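# Commentary on secondary and tertiary structure
What follows is each chain in one-letter form.
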Amino acid sequence: YFMTTPEDMKCYLEDILRLMEDLPSIYVLFKKKWTKDPRKFLSLGHPDLFHHYERFKNHPRCFNIHELDNPSQMIALSDLTISVPCSTTTYEALGARQKGIWYDANHKFRDIYFDGVAGLVCHGYEELLPRVRSLLFEVSEGAYAAYLDKYVKGRVETYLDGQAITRYRKALIHQTTADRG
């Protein structure tokens, strides 16, 4: 079961490409989620997405960085992380005190838990563009740190110490082991 459907991904990818058109000074580091070769994933019933991956691959301000071993490296290189709702990439960025948002391209995830945190989930392009502009060009590191302490710490991630994914993985392993035993 996936919360994000291929149609959601199509809209998400189209809007990230649109964001690059509307903000010509930005570059996008694009992590191919499923595999180093998206054809393998897309052959599982999602060939309509391949066109979008090719557009990213051929865009002069987009870098496919599947060569990096882990998303932490990508987050460290980024000024802002944008991912689909509830994905671990934005969660990890926030936990490392980096700018991050979840982007709900199809307006499906209104009223999810994280939607209650001001500015953390953008629904549709009309919310995404101004939030990205604000985070990249207006909000200082100090102001964002204050935002994290006020709205994110204790609500989204307990410590904001860069160890969120490690704790999450340990909890999953512990739960899986407990379920078996």
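Structural notes, computed from the coordinates. (Residues numbered from 1 in each chain as written. Predicted model: local features only at pLDDT ≥ 70, side-chain atom pairs only at ≥ 80, totals over all residues. Heavy atoms only, no water.)

## A closer look at the overall build of the chain
- Helix and strand counts for the chain come out as 8 helices and 5 strands.
- Its helices and strands in sequence order give the chain the pattern α-β-α-α-β-α-β-α-β-β-α-α-α, from N to C terminus.
- A burial count over the chain gives 43% of its 181 residues as buried.
- Counted over contacts in the chain with a minimum sequence separation of 6, partners at least 24 positions apart contribute 57%.
- When the accessible area of the chain is evaluated, it comes to approximately 10,400 Å², of which 52% is carbon and sulfur surface. (Helix = DSSP H or I, 4+ residues; strand = E, 2+ residues; numbered from the N terminus. Buried < 20%, exposed > 50% of the residue type's maximum accessible area, 1.4 Å probe, protein only. Contact = heavy atoms within 4.5 Å. Areas by Shrake-Rupley, 256 points an atom, 1.4 Å probe, with all protein chains shown as cover.)

## Here we look at the environment of N64
- Relative to the elements of secondary structure, N64 occurs in strand β2 (residues 62-64).
- Overall, N64 belongs to the buried group, its relative accessible area being 15%.
- Separated by 34 residues in the primary sequence, N64 and F30 place their C-alpha atoms 4.8 Å from one another.

## Here's the deal with helix α6 (residues 125-137)
- Taking 1.5 Å of rise per residue, the 13 residues of α6 would be expected to cover 18 Å, and the 18 Å separating its terminal C-alpha atoms lies within 8% of that figure.
- Here α6 has its buried residues at Y125, L128, L129, R131, V132, S134 and L135.
- Buried residues along α6 sit against α1 (6-22), β3 (81-83), β4 (100-104), β5 (121-123) and α7 (141-152). (Expected span 1.5 Å × (residues − 1).)

## Structural notes on the side chain of D15
- Within the fold, D15 resides in helix α1.
- Although D15 lies buried, it forms no salt bridge, and the closest oppositely charged side chain, R18, sits 4.4 Å away as judged by the N-O distance.
- Only 2.4 Å separates the side chain of D15 from the side chain of Y103, close enough to count as a polar contact.
- Other than its neighbours up to four places away in sequence, D15 contacts Y103, A105 and Y125. (Lys, Arg positive; Asp, Glu negative; His and termini not counted. Salt bridge = Lys/Arg side-chain N within 4 Å of Asp/Glu carboxyl O. Polar contact = N/O pair within 3.5 Å; in protein donor to acceptor, adjacent residues only side chain to side chain.)

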